Amino acid sequence: MAKRTLDAFFSLTPTAAKRARVEPQSTTTTLNSTVATTHPTYSWPVPHLPEHISSEVELLVTTQGKEIKDQPHLDLLYFQPFVPRSISQDLFNFLRSELFFYRVKYTIKRFGKETIINTPRFTTVFGLDETSFFADNNQIVEATSPTKPVRKDKYKCKPRPIPECLDLLRRVTEANTNTKYNFCLVNYYASGSDSISFHSDDERFLGPDPAIASFTLGAKRDFLMKHKPTKEDEPKLETRDIKLPLASGDMVLMRGPTQSNWLHSIPKRKGGEADKGRINITFRRAMIPAGTENYYRYNVGEGGVYQWDSTKREMMPWSKSTITS
Ligand SMILES: O=C(O)CCC(=O)C(=O)O
């Protein structure tokens, strides 16, 4: 199929085009000749993508993926790649430099004892659940009455809009996968010691059978999947564990019954490419405020902000006073 830009794609699908136009727009500003998204909750303005990246990303609305449905309850669409290899490294470098990240700590009760969990990767998150949206003046308003700001106590966290540099990819992914997304979670795995353990994204706030689009940029890492253990009263299932060696630009769409039946992880790895760093972006759709609270609690938390230091080549704690103009 011929490549189409996002605008051309929407001109062919009037309903989607209508929906796209009513999406709240992020605030933009001009910063040292770069256009950027700004918001009071941001640590700093987030520049829009350079033209050579955005013009390529716009073309990805008709990229084709491979279906993987050969096991019980499994429904994947695997794009190898979604973002062409020729720009995925530039996109990785751009996002690593321009986004603000967190190293979240939180406590849980384990065997009746308060235990501190150190998230073993850098994280950041943008978005707002389906019950609200950001108005043009940056205020959060009720989805059901767009002129009405939400009650002050609707959210304990401080939601932030998806910056244009990620929102373009969100819109393209929506068009490609015919699914709506209102959240963008970003993980940065600085080295092979960073990881995410086996889990499923099947929280009730995502609704039944959620579709989650998961992108890899930068270093190749193994993505492991295994079926959840069957309950005692259920028939035993013959399933094989899965290993997808996700490379820069790849995207896995997990959909249908996958999240309620399969677990996924990025295990720690020694040596190799992992130490060059990997960014993972997921687009999801949270239906209720509990989703917003959960995502900000576990991906922003209450700790300090980190910024990529291109001289030291690592994430460094950032403070307002270190800002350069
Ligand atoms: O990094 C990845 O590919 C997986 C990320 C993930 O599972 C998550 O953020 O829930």
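What counts and what doesn't
- Residues numbered from 1 in each chain as written.
- Predicted model: local features only at pLDDT ≥ 70, side-chain atom pairs only at ≥ 80, totals over all residues.
- Heavy atoms only, no water.
- Near = heavy atom within 4 Å.
- Polar contact = N/O pair within 3.5 Å; in protein donor to acceptor, adjacent residues only side chain to side chain.
- Helix = DSSP H or I, 4+ residues; strand = E, 2+ residues; numbered from the N terminus.
- Nonpolar A, V, L, I, M, F, W, Y, C, P; charged D, E, K, R; others polar.
- Salt bridge = Lys/Arg side-chain N within 4 Å of Asp/Glu carboxyl O.
- Buried < 20%, exposed > 50% of the residue type's maximum accessible area, 1.4 Å probe, protein only.
- Contact = heavy atoms within 4.5 Å.
- UniProt positions renumbered as here; feature names shortened; annotations may be inferred.

J.: Just to check I follow, could you spell out the site of the ligand for this structure?
T.: Taken together, the residues surrounding the ligand are N187, Y189, I196, H199, D201, S214, F223, H264, I266, R278, N280 and R284. N187 is positioned with one of its side-chain polar atoms (N or O) 3.1 Å from an oxygen atom of the ligand. The contact in question runs from an oxygen atom of the ligand to an N or O atom on the side chain of H264, over 3.0 Å. Secondary-structure elements contributing two or more residues to the shell around the ligand are strand 12 (183-189), strand 13 (196-199), strand 18 (262-266) and strand 19 (278-284). Top element by residues in the shell around the ligand is strand 19. It accounts for three residues. By residue class, the composition of the shell around the ligand is four nonpolar, five polar and three charged.

J.: How should I be thinking about the pattern of salt bridges in this particular structure?
T.: It is possible for side chains of opposite charge to pair when their charged atoms get near one another. The tally for this structure, following the rule as stated, stands at 19 salt bridges. One salt bridge connects R85 with D250, and the closest N-O pair in it is separated by 2.9 Å. Of this pair, R85 sits in helix 4 (residues 85-98) while D250 sits in the loop between strand 16 (242-246) and strand 17 (251-254), and the two are 165 residues apart along the sequence. What makes R85 partly exposed here is its relative accessible area of 41%. Ionic contacts of the salt-bridge type, sharing partners, join the residues E164, D167, R170, R171, E174 and K180 into one network.

J.: What is the right way to read the environment of D250 from this model?
T.: Take D250: its relative accessible area is 1%, and that puts it in the buried class. Along the chain, D250 and P84 lie 166 residues apart, while their C-alpha atoms are 8.5 Å from each other. Residues contacting D250, with those up to four places away along its chain left out, are Y78, F79, Q80, P81, F82, R85, S214, F215, T216 and P245.

J.: Honestly, the UniProt feature "domain: Fe2OG dioxygenase" (unreviewed entry) in the protein in this entry has me stumped. Any pointers?
T.: The residues that UniProt annotates with the feature "domain: Fe2OG dioxygenase" (unreviewed entry) are residues 180-287. Helix makes up 4% of residues 180-287 and strand 43%, with an end-to-end C-alpha separation of 11 Å.

J.: Is there a simple way to think about the environment of R121 in this case?
T.: Mapping R121 onto the fold places it in the loop between strand 8 (113-118) and strand 9 (122-127). Those residues within four positions of R121 in sequence are excluded, and the remaining contacts are Y102, R103, N187, Y188, Y189, D194, S195 and I196. A polar atom in the side chain of R121 sits 3.2 Å from the backbone oxygen of S195.

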